[in-house]
Amino acid sequence: MSDTSSNQMWGGRFSAGPDAIMEAINASIGFDQRMAAQDIAGSRAHAAMLGATGIVKPSDVEAIRKGLLTVLSEIETGRFEFSTALEDIHMNVEARLTEIIGDPAGRLHTARSRNDQVATDFRLWVRDQLDAADAGLQALMKALVTQAEAGADWVMPGFTHLQTAQPVTWGHHMLAYVEMFARDLSRVRDARARMNESPLGAAALAGTSFPIDREMTAQALGFDRPMSNSLDAVSDRDFALEFLGAASICAMHLSRLAEELVIWSSAQFRFVTLSDRFSTGSSIMPQKKNPDAAELIRAKIGRIFGANVALMTVMKGLPLAYSKDMQEDKEQVFDAADNLMLALAAMEGMVKDMAANRDSLEAAASSGFSTATDLADWLVRALDMPFRQAHHVTGALVALAEGKGCDLPDLTLADMQGVHDEITEEVFGVLGVHNSVASRTSYGGTSPVRVREQVARWQEVLG
């Protein structure tokens, strides 16, 4: 059989045969080069420790230190040539270091394996993403608090089932998202605290016989402590899964807010006007202004969810310790991180720029019998009526108003007394939407007084 016919099974791209396929499936440099800064930071810490413990002589350590800085400079300025044949970022850096400083480069890998090296690099990279998410969440929360402060007493409809339920304030609605993103921020910080342990020094899986100082490298890299089990150190990817888990919940919250912005900016609602910076026009309909940024956030969330499921699937069947399967951990996390940071930044921009249409909000709040619950509550308080009976009476009054084509405040006292003769003029004091929201003074309620208290609290927390 000729080479040509035998290679047909590999497909056109791999006409060179199995060697090309193995190189393609084995190489990760196409994506893990993103960890170059973390890889060099880990190597510098490791080299310094090797020198401090006397494992490598000072002159070689100094050569390694200078050489690594040269490599980092080449990478940062785009002059570094990455090689697929060298598989990954670790081997690419080491090979270039050897070209620059010669034999001392070979001593860098003493008491270290690519297993603990990649675990350290990836952990450092994810930690950076958690810090970026922390900053992005705080910025978004500040934008929402600013909106809440501006509209602390602006009335809008509160919905259940996307049906008008009770009046709330714009500020209260904005603060609901602040609470959601605050929980996301808490998860991000919790994940960061738990993952901040160093795998470096675990070597391949069993530790090393060299007299290394793992506390020293952990401290140099900003970790709280070294991981206490070498098997776990090289095989753990919980830190990446926790990042994806926190990112997925945060993404869900972003998608919910994005969906509201899509609805609110529509011609049917007109609750908000989004800025031109985060909208696009139609190619054929000149009157349209599309909330594309919100729609794209809503869509990109699926990539983050997918990354979470993908990495769970990669890890679920792996025996201890390291398996090459774990090479598939990074692309998913890289993509999820990129999309999360983009979505946070875009949402912050939209929230900062959007203008709430106060008149439209109030008009919508005043329709759909939104003060029916206030009427029922008044019947209970003023007439000592059991709530179930009050609910029934209120339902009858809603039906009457619906039949007349008006809202509850538009009924006359005679109309109301026709349903229940003990109703008095006092009832009209609770039927206006402003009266309704002002009365909701329970802790966590929508009253402007409570909203301003929460705004002040969050301003203090966020600084």
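For the structure, see preceding data.
Quick look at the structure, then.

Cut-offs and rules
Residues numbered from 1 in each chain as written. Predicted model: local features only at pLDDT ≥ 70, side-chain atom pairs only at ≥ 80, totals over all residues. Heavy atoms only, no water. Helix = DSSP H or I, 4+ residues; strand = E, 2+ residues; numbered from the N terminus. Rg over C-alpha atoms; globule rule 2.2 N^0.38 Å. Buried < 20%, exposed > 50% of the residue type's maximum accessible area, 1.4 Å probe, protein only. Contact = heavy atoms within 4.5 Å. Areas by Shrake-Rupley, 256 points an atom, 1.4 Å probe, with all protein chains shown as cover. Lys, Arg positive; Asp, Glu negative; His and termini not counted. Charge placed at Lys NZ, Arg CZ, Asp CG, Glu CD. Expected span 1.5 Å × (residues − 1). Pairing = 2+ DSSP bridges. Axes fitted to C-alpha atoms, helices over the stretch in contact; angles between N-to-C directions. Parallel < 35°, antiparallel > 145°, perpendicular 65-115°, else oblique. Left-handed = near helix turned anticlockwise from the far one by under 90°. Salt bridge = Lys/Arg side-chain N within 4 Å of Asp/Glu carboxyl O. Core = buried A, V, L, I, M, F, W, Y, C linked by side-chain atoms within 4.5 Å. Phe/Tyr/Trp six-rings, centres within 6.5 Å; stacked < 30°, edge-to-face > 60°.

Notes on the overall build of the protein chain
Then comes step 1: Within the protein chain one finds 20 helices and eight strands.
Then comes step 2: Relative to the globule expectation of 23 Å for 463 residues, the C-alpha radius of gyration of the protein chain, 31 Å, shows a markedly less compact shape.
Then comes step 3: Each principal axis of the C-alpha atoms in the protein chain carries an extent, and together these give about 100 × 55 × 40 Å.
Then comes step 4: Residues classed as buried in the protein chain amount to 48% of the 463 residues present.
Then comes step 5: Restricting to contacts in the protein chain with at least 6 residues of sequence separation, those with at least 24 account for 74%.
Then comes step 6: Total accessible area on the protein chain is roughly 21700 Å²; 52% of this is exposed by carbon and sulfur atoms.
Then comes step 7: Mean positive and mean negative side-chain charge positions of the protein chain (42 and 61 charges, respectively) differ by 3 Å.

Section: helix α11 (residues 238–264)
Then comes step 1: The first and last C-alpha atoms of α11 sit 39 Å apart over 27 residues, in line with the 39 Å expected at 1.5 Å per residue.
Then comes step 2: Most of α11 is tucked away: 20 of the 27 residues are buried.

Here we look at the pairing of strand β1 (residues 155–160)
Then comes step 1: By the bridge criterion, six bridges tie β1 to strand β2 (residues 163–169) in an arrangement that is antiparallel. Each residue of the ladder has a partner; that of Val-155, found in β2, is Thr-169.

Section: the environment of Ala-133
Then comes step 1: Along the chain, Ala-133 turns up in helix α7 (residues 114–150).
Then comes step 2: Using a relative accessible area of 2% as the deciding quantity, one classes Ala-133 as buried.
Then comes step 3: Put simply, Ala-133 and Leu-185 are 52 residues apart on the chain and 7.9 Å apart in space, counted from C-alpha to C-alpha.
Then comes step 4: If sequence neighbours within four positions are ignored, Ala-133 has contacts with Val-188, Leu-340, Met-341 and Leu-344.

Considering helix α12 (residues 292–315)
Then comes step 1: Relative to the 34 Å expected for 24 residues at 1.5 Å per residue, α12 spans 36 Å between its end C-alpha atoms, a close match to the ideal helical length.
Then comes step 2: Of the positions making up α12, those classed as buried are Ala-293, Ala-294, Ile-297, Ile-301, Ile-304, Ala-307, Asn-308, Leu-311 and Met-315.
Then comes step 3: For α12, the secondary structure elements touched by its buried residues are α10 (230–235), α11 and α13 (330–353).

What about the side chain of Gln-38?
Then comes step 1: Mapped onto the fold, Gln-38 is located in helix α4 (residues 36–52).
Then comes step 2: When its relative accessible area of 10% is taken as the criterion, Gln-38 is described as buried.
Then comes step 3: When sequence neighbours within four positions are dropped, the list of residues in contact with Gln-38 reads Asp-121, Leu-124, Trp-125 and Asp-128.

Quick look at the packing of helix α8 (residues 170–195) against α11
Then comes step 1: At a minimum axis distance of 8 Å, the contact between α8 and α11 shows a crossing angle of 165°. On the basis of their axis angle, the class for α8 and α11 is roughly antiparallel. The hand of the α8/α11 crossing is left-handed. Side by side, α8 and α11 meet where Trp-170, His-173, Met-174, Tyr-177, Met-180, Phe-181, Arg-183, Asp-184, Arg-187, Ala-191, Arg-194 and Met-195 of the first sit next to Phe-239, Glu-242, Ala-246, Ile-249, Cys-250, His-253, Leu-254, Arg-256, Leu-257, Glu-260 and Trp-264 of the second.

Let's talk about the pattern of salt bridges
Then comes step 1: For the structure on display, the rule yields 27 salt bridges.
Then comes step 2: One salt bridge connects Arg-189 with Asp-134, and the closest N-O pair in it is separated by 2.7 Å. Within this pair, whereas Arg-189 is found in helix α8, its partner Asp-134 is found in helix α7, the two being separated by 55 residues in sequence.
Then comes step 3: The partner of Asp-353 in a salt bridge is Arg-277, with the nearest N and O atoms 2.8 Å apart. One end of the pair, Asp-353, is in helix α13; the other, Arg-277, is in the loop between β5 (272–273) and β6 (280–281), with 76 residues separating them in the sequence.

Topic: the nonpolar core
Then comes step 1: One finds Trp-170, Phe-181, Leu-254, Leu-340 and Met-347 to be the most contacted residues of the largest nonpolar core, which totals 80 residues.
Then comes step 2: Every element with two or more residues in this core is listed here: α7, α8, α11, α12, α13, α14 (358–365) and α20 (448–462).
Then comes step 3: Setting aside its immediate chain neighbours within four residues, Trp-170 contacts Gln-147, Gly-151, Trp-154, Met-156, Trp-264, Val-272, Met-354, Ala-356 and Leu-361.
Then comes step 4: Counting residues in hydrophobic clusters, the runner-up holds 20 residues, among them Phe-369, Ala-372, Leu-379 and Ile-423.

Examining the packing of aromatic side chains
Then comes step 1: Summed over all chains, the structure comprises nine aromatic pairs.
Then comes step 2: Ring geometry for Phe-122 and Phe-334: centres 6.4 Å apart, planes at 90°, overall edge-to-face. Taken as a pair, Phe-122 in helix α7 and Phe-334 in helix α13 lie far apart in primary sequence, 212 residues in all. Both residues of the pair, Phe-122 and Phe-334, belong to the buried class.

Let's talk about unusual backbone geometry
Then comes step 1: Cis geometry is adopted by the peptide bond preceding Ala-321, which originates at Leu-320 and carries an omega value of 10°.
Then comes step 2: Structurally, Ala-321 can be placed in the loop between α12 and α13.
Then comes step 3: Positive phi, normally seen in glycine, also occurs at His-161, with a value near 60°.
Then comes step 4: Turning to its location among the elements, His-161 is positioned in the loop between β1 and β2.
Then comes step 5: Even without being glycine, Leu-162 reaches a positive phi, approximately 60°.
Then comes step 6: Using a relative accessible area of 52% as the deciding quantity, one classes Leu-162 as exposed.

Note that all results are geometric; they support no functional claim without further evidence.
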